[in-house]
Amino acid sequence: MERREFLKGLILPIAAAALPVSPARAGLFQSPIKTNVLRPPGAVPENIFASKCIRCGRCAEVCPYRSIVPRDFLETGVNAGTPLIDVTKVPCYLCMKCVEVCPTGTLRPIAQQETRMGLAVIDRYACMTWQEGEFMLCRTCYNVCPFKEKAIKLDELRPVIIEEYCTGCGLCTHGCPVTLENGKKAVNIEPIYAFGKVRKE
Amino acid sequence: MNDKTRTSKYRPIRFFTLLCATLLIIAVPILNNRFQFTFIQGWYQSISIGNLWFVSPLEGLESILTSRMLYGPLLVGMAIPVLVAFLLGRVFCAWICPISFLSEVTDWLIRILSRKKYRKTRIMFPRRMLWASLVCEIALAMIAGVPIFVFLSPPGLVGRELMMVILFKTVAVEGVIVLAVMTMHLLSPRLFCRHLCPLGGLLGCIGAKRRLYVEFNVENCLKCGICSKACPLALDPKNGQASSAYCWNCGDCIDSCKTEALSFKWREIKVHHENTNP
């Protein structure tokens, strides 16, 4: 492991010197996964995603909603061409077509309800229903959730996420009417499952 | 003997195949975008026709090597391209590759403008560079732990650029590599294909002992040297180079030869009977 890191360290400055500034700053080898920017359903963990994916783009092509968008080298370094879903733009509707077409097993065939792209987390400082004083009624996230009453419930008219069932599809994030200055919503998808170790099957 | 006429035999067919192969990767994303057509999908990194899947051997190999994991469907997808390369050699390069199509079109334009039938090969490196390129590419990918050169493989890149343009109305910056390859082609014909293409290297390597090859018949040869001028890879068929691992079976030398000294042959395996074609 150490040697691999060392060699990566050797290559990185050489590659970064040879290239425009932005990929170096963005992290040539860094995973582009962050809050609300996720991998499609069934994705292998991030530590092997970039090596397993051959960037054939078939998942992006088959996606009927154009949720999956590959990005280029300047934005994502070596992850260029790998599938990404920005749920604030177009969320995943869990049609599960992409997992069927992946030729490399980077997206593994799984059932719809077993998808774990991330976990929806409600920002109680931002969510309208959680504000003190004036109570506002909003249940957009609850209404759009494909697993209503399972993954999301209303507790005294306030949304509560049930971690066990949330697929991280991002429909709630996309629907949320609150947008903060940093582009986040009052409910955001955190990719908490993306950085786990490879599961042996 | 075959009934060879003076006119080109393989060139029109090959150009037609190249044209179809390129139109396919333009038409598929357009049909997909308009009519949700997904029966045919992808491009020459991975393409599927119904349930029949193909995966480019280089990309598949790198995926296996860098992730150190085997995935059955990936191996199955790679099987047909590997088998084709094993039997027919680098035919993908000459008959399908969109870079080849662009090069042929460029050559055709240059031919019209310069009024010369053949382009001169100005830059020539040792041919072994192709293998070195393949080895370096795989080594670098393994050191870095990611198939970096997956997006340096130009045939796949053309397809991805087309998809980006048609589906997402943007271009990916990796497209400059395609431009670089075409610039190299303008400097000297097929410079990238000859010396640098890792995919070509891998296919050539697999097809080193291919069955379909260009046979050279010494008795018919006048040593006019037109075949080596016609060869896009600047090989010398009259010295037997057409049966080397570098040849991609395009058949241009066969078309150029006036005396039928060159022809496609199917190499028979030597079983008990020694009955090869006369």
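Criteria and thresholds
- All residue numbers refer to positions counted from 1 along the written sequence of the respective chain.
- Here the convention is simple: chains get letters from A, ligands get numbers from 1, in the order in which they are written.
- Totals for whole chains, interfaces and linings use every residue, but because this is a predicted model, local features are given only for residues with pLDDT of at least 70 and side-chain atom pairs only at 80 or more, for both listing and counting.
- The side-chain figures draw on all heavy atoms in the structure; neither hydrogens nor water molecules are used.
- A run of H or I in DSSP becomes a helix once it reaches four residues, and a run of E becomes a strand once it reaches two; helices and strands are each numbered from the N terminus.
- What the globule rule says is 2.2 Å times the number of residues to the power 0.38, and the radius of gyration is computed from C-alpha atoms.
- Only protein chains enter the accessibility calculation, which uses a 1.4 Å probe; a residue is then buried when its area is under 20% of its type maximum, exposed when over 50%, and partly exposed in between.
- The rule for pairing is simple: two strands pair if DSSP sees at least two bridges between them.
- Angles shown run from 0 to 180 degrees and are taken between the N-to-C directions of axes, each axis being a line fitted to C-alpha atoms and, for helices, limited to the stretch in contact.
- Contacts were defined at the residue level, with two residues in contact if any of their heavy atoms lie within 4.5 Å.
- Put simply, a salt bridge is a Lys or Arg side-chain nitrogen that is within 4 Å of an Asp or Glu carboxyl oxygen.
- Each polar contact in these results corresponds to two N or O atoms within 3.5 Å; when the atoms are within protein, one needs to be able to donate a hydrogen and the other to accept it, and residues that are neighboring in sequence are counted only if both atoms are side-chain atoms.
- Any angle that falls under 35 degrees is termed roughly parallel, while one over 145 is termed roughly antiparallel, one within 65 to 115 roughly perpendicular, and all others oblique.
- What makes a crossing left-handed is the near helix being turned counterclockwise from the far one by less than a right angle; a clockwise turn instead makes it right-handed.
- Polarity classes work like this: nonpolar for Ala, Val, Leu, Ile, Met, Phe, Trp, Tyr, Cys and Pro, charged for Asp, Glu, Lys and Arg, and polar for all others, with Gly in that last group.
- Buried area: the sum, over both parts, of the accessible surface (1.4 Å probe) that disappears when the two are put together.
- To estimate the expected span of a helix, count its residues, drop one, and scale the result by 1.5 Å.

A description of the overall build of chain B should follow, citing residues and the corresponding values.
When you go through chain B residue by residue, the secondary structure sums to 12 helices and 5 strands. At 19 Å, chain B has a C-alpha radius of gyration in line with the 19 Å of a compact globule built from 278 residues. Principal axes of the C-alpha set define a box for chain B whose edges measure 55 × 55 × 40 Å. Put simply, chain B has 278 residues, and 50% of those count as buried.

Describe the sheet that holds strand β1 (residues 40-43) of chain B, with residues and values.
Residues and elements named next belong to chain B. Strand order in this open sheet of 3 strands is β1-β2-β3, and the pairing throughout is antiparallel. The strands lining the two open edges of the sheet, one partner per strand, are β1 and β3 (52-55). Between one strand axis and the next, the sheet turns through 10° on average, direction left out of account. Pairing of strand β2 (residues 46-49) with β3, which is carried by 4 bridges, proceeds in the antiparallel orientation. Bridge assignment links Ser 46 to a residue of β3, and that residue is Val 55. The sheet strands contacting helix α1 (residues 10-35) are β1 and β2, and the helix crosses β1 at an angle near 120°.

So, the pattern of salt bridges: which residues are in play, and what are the values?
Opposite charge on two side chains permits pairing when their charged atoms draw close. Residues and elements named next belong to chain B. The tally for this structure, following the rule as stated, stands at 11 salt bridges over all chains. Of the charged contacts, one joins Arg 190 and Glu 104 as a salt bridge, the two residues approaching to 3.0 Å between their closest N and O atoms. In this pair, Arg 190 is assigned in the loop between α8 (175-187) and α9 (191-195) and Glu 104 in helix α5 (residues 98-114), connecting sequence segments 86 residues apart. On the basis of relative accessibility, which here comes to 4%, the residue Glu 104 falls in the buried class. It is possible to trace a salt-bridge network through shared partners that takes in Arg 11, Arg 14, Glu 104, Arg 190 and Asp 252.

I'd like to hear about the environment of Arg119(B), residue by residue, with values.
All names here are of chain B. Within the secondary structure, Arg 119 sits in the loop between α5 and α6 (129-144). When the C-alpha atoms of Arg 119 and Pro 232 are compared, they prove to be 8.7 Å apart, with 113 residues separating the residues in sequence. Discounting residues that sit within four places of it in the chain, Arg 119 has contacts with Asp 107, Ile 110, His 185, Leu 186, Leu 187, Ser 188 and Pro 189. Of note is the side chain of Arg 119, whose polar atom sits 2.8 Å from the side chain of Asp 107. Side-chain polar atoms of Arg 119 contact the backbone oxygen of His 185, separated by 3.1 Å.

Go over the packing of α5(B) against α8(B) with me, naming the residues and quoting the values.
Residue and element names in this part refer to chain B. As a packed pair, α5 and α8 sit with axes 11 Å apart at the nearest point and diverge in direction by 40°. It follows that α5 is oblique to α8 by the angle criterion. Handedness of the α5/α8 crossing: right-handed. Contacts from Ile 99, Leu 102, Ser 103, Thr 106, Asp 107 and Ile 110 in α5 reach Val 178, Val 181, Met 182, His 185 and Leu 186 in α8. In terms of residue class, the contact of α5 with α8 is made up of 7 nonpolar, 3 polar and 1 charged.

Explain the side chain of Ser63(B) to me, and be specific about the residues and the numbers.
Relative to the assigned elements, Ser63(B) resides in helix α2 (residues 57-67). Apart from the residues within four sequence positions on either side, Ser63(B) is in contact with Ser51(A), Lys52(A), Ile54(A), Thr104(A), Arg68(B) and Leu74(B).

With reference to specific residues and values, describe the environment of Thr140(A).
All names here are of chain A. With respect to the helices and strands, the residue Thr 140 is situated in helix α7 (residues 140-144). Residue Thr 140 is classed as partly exposed on the basis of its relative accessible area of 26%. Taking the C-alpha atoms as reference points, Thr 140 and Met 117, 23 residues apart in sequence, are found 20 Å from one another. Not counting residues within four places of it along the chain, the set of residues in contact with Thr 140 comprises Gly 175 and Pro 177.

Explain the interface of chain B and chain A residue by residue, including any values.
On the chain A side, the residues contacting the 43 residues of chain B number 38 residues. With both sides pooled, the region where chain B packs onto chain A buries about 3,300 Å², and carbon together with sulfur makes up 64% of that total. The three residues of chain B that bury the most area against chain A are Trp53(B), Tyr71(B) and Phe168(B), which together make up 16% of that side's buried surface. Counting across the chain B and chain A interface gives 0 salt bridges. Across the chain B-chain A interface, the total number found is 12 residue pairs in polar contact (both at pLDDT 80 or more).

Got a sec to walk through helix α7 (residues 154-168) of chain B? Specific residues and values, please.
Three- or four-residue spacings in an α-helix give side chains the same orientation, since the helix completes a turn every 3.6 residues. Taking 1.5 Å as the rise per residue, α7(B) with 15 residues should run 21 Å; its terminal C-alpha atoms sit 20 Å apart, in good agreement. Lys169(B) sits one or two residues past α7(B) and shows a positive phi near 55°.

Which residues make up the sheet that holds strand β2 (residues 68-70) of chain A, and what values do they have?
All names here are of chain A. An order of β1-β3-β2 is seen for the 3 strands of this open sheet, with the pairing classed as antiparallel. The sheet is open, and its two borders are formed by β1 (37-38) and β2, each paired with just one other strand. Summarising the sheet, β1 and strand β3 (residues 83-86) pair through 2 bridges and their orientation is antiparallel. When the bridges of β3 are listed, Val 37 appears paired with Asp 86.

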